[in-house]
Amino acid sequence: MKIEHFALQVADPIAMAEWYVKYLGCTLARAGGEPAHMRFIKDSAGAVMVELYRNPKVGVPDYAAMDPLLLHLAFLSDNPVADRDRLVAAGARVVEDLVITPLGDQLIMLRDPWHVALQLIKRAAPMLR
């Protein structure tokens, strides 16, 4: 089976989806209105989809208090340092700056303006086609 999407309960799905489209190259696949204002966004390749919504039946997780190792969205980057600087200028903040793993992968951990952890990654050897 193929994964269709991953969902995140967030404080402001409309603004968050707009930010991901503008700064991370995502595209809007579907949008809904009241009460959840769900937004389905696809990555730049159209291969991965994330649902952002705010369902009033449950609270929004405290992403700011959550260690990024528990939950993060990872985006492939040809230049993690340049993308870090661009995203920080757009409201993200650095959690852990450039780390190079023993396998040669380059990693930077950020938080978007809604405190969801974002990892920028440049793999030494690509793992996906």
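Owing to the predicted nature of the structure, the values given are computational and were not obtained by experimental measurement.

A. Layout of the pairing of strand β7 (residues 106-111). Where burial is concerned, most of β7 is hidden: 5 out of the 6 residues are buried. As paired elements, strand β6 (residues 93-100) and β7 share 5 bridges and run antiparallel to each other. The residue of β7 that forms the bridge with valine 99 is leucine 107. Between β7 and strand β8 (residues 117-122), which pair antiparallel and follow one another directly, the connecting turn spans 5 residues, one of which, histidine 115, has a positive phi of 75°.

B. Focus on the packing of aromatic side chains. For the structure on display, the rule yields 4 aromatic pairs. Ring geometry for tryptophan 19 versus tyrosine 23: centroids 5.4 Å apart, planes at 50°, classification tilted. Highlighted residues: tryptophan 19 and tyrosine 23, both in helix α1 (residues 13-24), separated by 4 residues, approximately one helical turn. With relative accessibility at 6%, the residue tryptophan 19 sits in the buried group. Judged by relative accessible area, tyrosine 23 falls into the partly exposed class, the value being 23%. Pairwise contacts between aromatic rings join Trp19, Tyr20, Tyr23, Phe75 and Trp114 into one cluster.

Calculation criteria
Counting of residues starts from 1 at the beginning of each chain's written sequence and follows it residue by residue. In keeping with the model being predicted, local features are shown solely for residues with a pLDDT of at least 70 and side-chain atom pairs are shown and tallied solely at 80 or more, while totals for entire chains, interfaces and linings include all residues. Side-chain figures throughout are based on the complete set of non-hydrogen atoms in the structure, without hydrogens or water. Think of it in three bands: with a 1.4 Å probe and only protein chains considered, a residue is buried below 20% of the maximum accessible area for its type, exposed above 50%, and partly exposed in between. The way it works is that DSSP assigns letters per residue, a run of H or I at least four long becomes a helix, a run of E at least two long becomes a strand, and they are numbered from the N terminus. A pair of strands is labelled paired if DSSP reports no fewer than 2 bridges between them. By convention, a stacked pair of Phe, Tyr or Trp rings (six-membered ring in the case of Trp) has centres within 6.5 Å and planes under 30 degrees apart, an edge-to-face pair has planes over 60 apart, and any other such pair is tilted.

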